[in-house]
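Each chain, written out:
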Amino acid sequence: MSYRSASFGDFRCAHCQAIVSCAHLLSGVNNRNHCPYCLWSCHLDLYVAGDRLSACKASMKPIGLTMKKGRNKYQREARGELMLIHECVECKTLSINRMAADDDSETVITVFHESFTWSQGLQALCMQHGIVPLNADDREIVYSQLYGRHVEIPVLK
Amino acid sequence: MPSSLNHKQLIYPTADPTSLRHVVREVREIEHVDPIAIGDRVRYVDAGAGRGMITEVLPRHSKLSRPAPVPGQRVFEQVIVSNVDLVVPVFSLADPTPKWGLLDRYLVTAEASRLPALIVITKLDLAGKNRSFEADIEIYRRIGYPVQLVSSVTGDGIEQLKQSLQGRMSVLVGKSGVGKTSLLNAIQPGLGLRVKAVSQGEQGKGRHTTSHLEMFELDFGGTLVDTPGMREFGLWEITSEDLAFLFPEMADHVGQCKFGMSCRHDQEPGCAIRKAVMAGDISPHRYKSYMNLKEEL
């Protein structure tokens, strides 16, 4: 059994109480940093991802999506990797996290739609951190990344 | 020693030192790895011709202990050194890079033994290889620990270190390869210690140049105990509840949490220690060391 398929570090989500497996086979990432069901995370890192130096330890709410530019310069379109934006409910720190393969797509869409109603302050904070959130104009990118290129995109109400 | 007994149950004969045959007069069982540690003051019977027998170990005013690393066995106390005045954790700026978590472990042990500590950072001549060291060292200076930077190659800081060691019994602790033996040679030439260069082939882990405990009389006054490069340094007789008191910068915050003395300083709301970390009064690295050490207890 590969070390990546061993499920070390399974945890119970502090927000939705679901038991979360850290098996690489399920998540597709080496370090799972949020619950795949509710997408909530915990404020554990301070300077860089995985340093575990934050003393805040409060819950982090998924508030939107952004795009990490891909490294492959031969891509047909300048599309990168879909990323989650988390905001700490206590200290309001923002962080960007990779999505996992088993993240619930419907919940991702819900978070994406809710991000259209961001306050001016949150938008300014995001820009201050160099984070460009995806908006209603990016629905095609989001849906195609989650469900495939030929998915029918629902009409925005 | 009978093979059926636990090999950590030390049994020793107390015989008449002048007898021609080693007739056993009394046998005692001692639950220590070693009943006599370096630095102990003892009474002994002089048998002449450089021989003798220890009859009593006098009370210790201090000791530095660790759990004896015996996997699968009952844990025994190993007194590394007794009657010591100063703990000197030694780390190198580079080759190998300092493990600050290990330093915190040494400092906690010193605090638990109520011993002052002097942090010595060697290989100052390699400062170019470690750009973040000043910020790291400042963390400890802010807490109140004295830090001395030295180089056994250039001699920088050696005189200042000699002044700090003068008239005291000090113990050097640190991983192998950090330059403890070279440091000894620098502060007192002619000690004749065998110094081996750090084996680059072992990815900077270093060989155990020092293989046994040694105490040196210093020409300028005082004594120094060199210790083997210790890879295992567990905490002895320290409880989870006590640990925060052994981090001087955290001690004042203990009991100020929302849950008072019941707070585990982990995820509890209203934790004063976590609040102090967030406010920048406690280093996040020290807090992480605290949490890591706590997991062991």
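These numbers were taken from a predicted model, which means no experiment stands behind them.

Undergrad: What is the right way to read the confidence of the model for chain B from this model?
TA: For any part of a model where pLDDT is low, the fine detail of the predicted coordinates should not be relied upon. When pLDDT is averaged across chain B, the result is 81; 78% of the residues are at 70 or more. Predicted confidence is poor over residues 1–10 of chain B, with pLDDT under 50, and the contacts of this stretch with residues over four places away or in other chains come to 11 contacts.

Undergrad: What should I look at first to understand the nonpolar core in this one?
TA: Nonpolar side chains in soluble globular proteins generally cluster together in the buried interior. With 52 residues, the main nonpolar core has Val81, Val87, Val90 and Val171 of chain B as its most contacted residues. Residue contributions to this core peak at 5 residues, all from helix α1 (residues 100–112) of chain B. Viewed by domain, this core spans two of them, domain 1 (80–226) and domain 2 (243–296) of chain B, each represented by three or more residues. Discounting residues that sit within four places of it in the chain, Val87 of chain B has contacts with Leu64, Tyr106, Ala110, Leu115, Ala117, Val171 and Val173 of chain B. Listed in part, the 13 residues of the second largest apolar core include Val20, Leu82, Ala100 and Val111 of chain A.

Undergrad: Explain the domain arrangement of chain B here, please?
TA: Many authors give the size of an interface as the accessible area that is lost as the parts come together. Residues and elements named next belong to chain B. If you check the domain split of chain B, you get domain 1 (80–226) and domain 2 (243–296). Taken residue by residue, the interface counts 10 residues in domain 1 and 9 residues in domain 2. Taken together, the elements giving at least two residues each to the side of domain 1 that touches domain 2 come down to α1 and α2 (133–143). Looking at the side of domain 1 that touches domain 2, the element that brings in the most residues is α1, giving 7 residues.

What counts as what
Residues numbered from 1 in each chain as written. Chains lettered and ligands numbered in written order. Predicted model: local features only at pLDDT ≥ 70, side-chain atom pairs only at ≥ 80, totals over all residues. pLDDT = per-residue confidence, 0-100. Contact = placed C-beta atoms within 7 Å. Core = buried A, V, L, I, M, F, W, Y, C linked by C-beta atoms within 7 Å. Buried ≥ 20, exposed ≤ 12 C-beta atoms within 10 Å, placed from the backbone. Helix = DSSP H or I, 4+ residues; strand = E, 2+ residues; numbered from the N terminus. Domains from an automatic or database assignment.

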